[in-house]
Amino acid sequence: MEEVRNTIAERVEGSGLYLDVMDGDNDDTVGILVNIQSLINEIKEGVKIKKEEVSVMKNRISAVSRLNQLFEECSTSLKTCQDNIPQGARRLRNQNKENQSKSSKDEEKENKELNNLTWLQHISLKEFDTIPKYMKGRTQYETLTNAVDEINTALEEKYSFLGRTFSNMSNLQEKKRYKLLKSQEYSSTKGVHFITAEELKGTKLLKSETNRRTLLTILRHFKKIYEIRGPGSIVRYAPTRLPS
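In what follows, the accompanying structure is described. Position numbers for residues count from 1 along each chain, tracking the sequence in the order it is written. Reporting in this predicted model follows two pLDDT cut-offs: at least 70 for local features of residues, and 80 or more for side-chain atom pairs to be given and counted; totals over whole chains, interfaces and linings ignore these cut-offs and use all residues. With hydrogens and water set aside, each side-chain value is computed from the structure's full complement of heavy atoms.

### Considerations on the overall build of the protein
Rule in force here: Numbering of helices and strands runs from the N terminus, with a helix taken as a DSSP run of H or I at least four residues long and a strand as a DSSP run of E at least two residues long. Only protein chains enter the accessibility calculation, which uses a 1.4 Å probe. A residue is then buried if its area is under 20% of the maximum for its type, exposed if over 50%, and partly exposed in between. Contacts: residue pairs with any heavy atoms within 4.5 Å of one another. Residue burial considers only the protein chains on display, and all accessible areas are found by Shrake-Rupley using a 1.4 Å probe.
Scanning the protein from terminus to terminus reveals eight helices and three strands. Seen in sequence order, the protein has helices and strands lined up from the N terminus as α-α-α-α-α-α-α-β-α-β-β. Within the protein, the proportion of its 244 residues that are buried is 23%. At a minimum sequence separation of 6, the contacts of the protein that also span at least 24 residues come to 62%. Surface accessibility of the protein: about 18,200 Å² in total, with carbon and sulfur atoms responsible for 53%.

### Examining the packing of aromatic side chains
Selection rule: To pair, rings of Phe, Tyr and Trp, with the six-membered ring standing in for Trp, must have centres within 6.5 Å; the planes then decide the type, stacked if under 30 degrees apart, edge-to-face if over 60, and tilted in the middle.
Under the counting rule described, the total for this entry stands at three aromatic pairs. Both rings, one in Phe128 and one in Tyr141, keep their centres 5.4 Å apart while their planes meet at 75°; by these two values the pair is edge-to-face. On the criterion of sequence distance, the pair formed by Phe128 in helix 4 (residues 125–128) and Tyr141 in helix 6 (residues 141–162) is long-range, its members being 13 residues apart. Of the residues examined, Phe128 reaches a relative accessible area of 9% and is grouped as buried.

### Looking at the packing of helix 6 against helix 8 (residues 209–221)
Short version of the rule: Here an angle of 0 to 180 degrees is reported between the N-to-C directions of two axes, which are lines fitted to C-alpha atoms, with helices fitted over the stretch in contact. With respect to orientation, any angle under 35 degrees is reported as roughly parallel, any angle over 145 as roughly antiparallel, any angle of 65 to 115 as roughly perpendicular, and every other angle as oblique.
Relative orientation of the contacting elements helix 6 and helix 8 amounts to 90°, with a least axis distance of 11 Å. As far as their axial angle goes, helix 8 and helix 6 are roughly perpendicular. Each of Thr143, Leu144, Ala147, Val148 and Ile151 in helix 6 lies in contact with helix 8, whose residues at this interface are Leu215, Leu216, Ile218 and Leu219.

### Things to note about the sheet that holds strand 1 (residues 195–196)
Our working rule: Only when DSSP finds a minimum of two bridges between them are two strands counted as paired.
The strand order 1-3-2 describes an open sheet built from three strands, whose pairing is antiparallel. Edge positions in the sheet fall to strand 1 and strand 2 (225–229), since each of these pairs with one other strand and no more.

### Concerning the pairing of strand 3 (residues 235–239)
Working note: regular strand, side chains alternate between the two faces of the sheet. With respect to burial, strand 3 is a largely interior element, five of its five residues being buried. The two faces of strand 3 match: Val235, Tyr237 and Pro239 on one face and Arg236 and Ala238 on the other face are all buried. Strand direction decides the pairing type here: strand 1 and strand 3, joined by two bridges, are antiparallel. Across the sheet, the residue bridging to Ile195 is Tyr237, located in strand 3. Here strand 2 pairs with strand 3 via five bridges, running antiparallel. Within the sheet, the bridge partner assigned to Tyr226 lies in strand 3 and is Ala238. The loop that links strand 2 with its antiparallel partner strand 3 comprises five residues; one of these, Gly230, has a positive phi angle of about 70°.

### Let's talk about a nonpolar patch on the surface
For clarity, the cut-off: Two joining distances apply to patches: 9 Å for like charges and 5 Å for nonpolar side chains (Val, Leu, Ile, Met, Phe, Trp, Tyr), and every residue must have over 30% relative accessible area and no salt bridge. A carboxyl oxygen of Asp or Glu within 4 Å of a side-chain nitrogen of Lys or Arg is what we treat as a salt bridge.
Taken together, the side chains of Leu39, Ile43 and Val47 present a nonpolar region at the surface, about 280 Å² in accessible area. Examined against the element boundaries, Leu39 turns out to sit in helix 2 (residues 26–83).

### Brief notes about the nonpolar core
Let me state the cut-off plainly: Joining through side-chain atoms within 4.5 Å is the link that ties buried Ala, Val, Leu, Ile, Met, Phe, Trp, Tyr and Cys residues into a set, and such a set is a nonpolar core.
Counting 34 residues, the largest nonpolar core has Ile123, Ile131, Leu144, Ile151, Ile195, Ile218 and Leu219 as the members making the most contacts within it. For this core, the secondary-structure elements that each account for two or more residues are helix 6, helix 7 (172–183), helix 8, strand 2 and strand 3. In terms of residues, this core owes the most to one element, helix 6, which gives nine residues. With residues near it in sequence (within four places) discarded, Ile195 still touches Ile151, Ala154, Leu155, Lys158, Leu200, Val235, Arg236 and Tyr237.

### Thoughts on helix 8
To keep it simple, the criterion reads: The span you would expect from a helix comes to 1.5 Å times its residue count less one. Arc, as used here, means the arc of the directions from the helix axis to the C-beta atoms.
Taking 1.5 Å of rise per residue, the 13 residues of helix 8 would be expected to cover 18 Å, and the 18 Å separating its terminal C-alpha atoms lies within 8% of that figure. For helix 8, every residue scored as buried is listed here: Arg212, Leu215, Leu216, Ile218 and Leu219. Each buried residue of helix 8 lies within a common arc of 155° when the element is viewed along its axis, so the set occupies one face. Against the buried residues of helix 8 lie helix 5 (133–136), helix 6, strand 2 and strand 3. Just downstream of helix 8, Lys223 is the residue with a positive phi angle, here 60°.

See below:
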């Protein structure tokens, strides 16, 4: 009964509003009706937008639900695969992990070697202008700078290679090279980084003995580099370590 009473009251109230509107001024009535229609249109448009937003949200919820389902299925499949890996594949996986571990250790060793590397310092323009004419000849500053870069590149490549672990080398040539480079070290070269003429033969400027003699003489003149001779006929060129 209460619901019926409320419905009748709402209709009576609505009828009263209708009569008020109809009994009023025609212009006012038209204005009110236009405003009401405008509000109704806005409400309809708002309802339409909300329905579209609700539809989008439903689609997103459905998509998330499907993704969760797929994730659970993938997790189950992955666990099943892991529990049923053949023994041969397990050994291969363990070997790969071991190789990755060795590779990581080699990389750490190489980085440590390079971090401690003594680099050859460039000659300044001021120093270049003081080179005796008999020593400079036709040497250009740019040529000397490029020669220093070549030596540093050779040093970096050499000590990056020596930073690797010998037992992890599978290539016979690499093992031979490693032994050769190590054989050039002795008590006087401990903690010293050096390069030999043989290692510079692959460079552009320093592969020529004439260029090598001229450019290295200038670098030695400014104490940027020094020689370590012997035992035997081997000559090593070591960058001068800057005072710490």
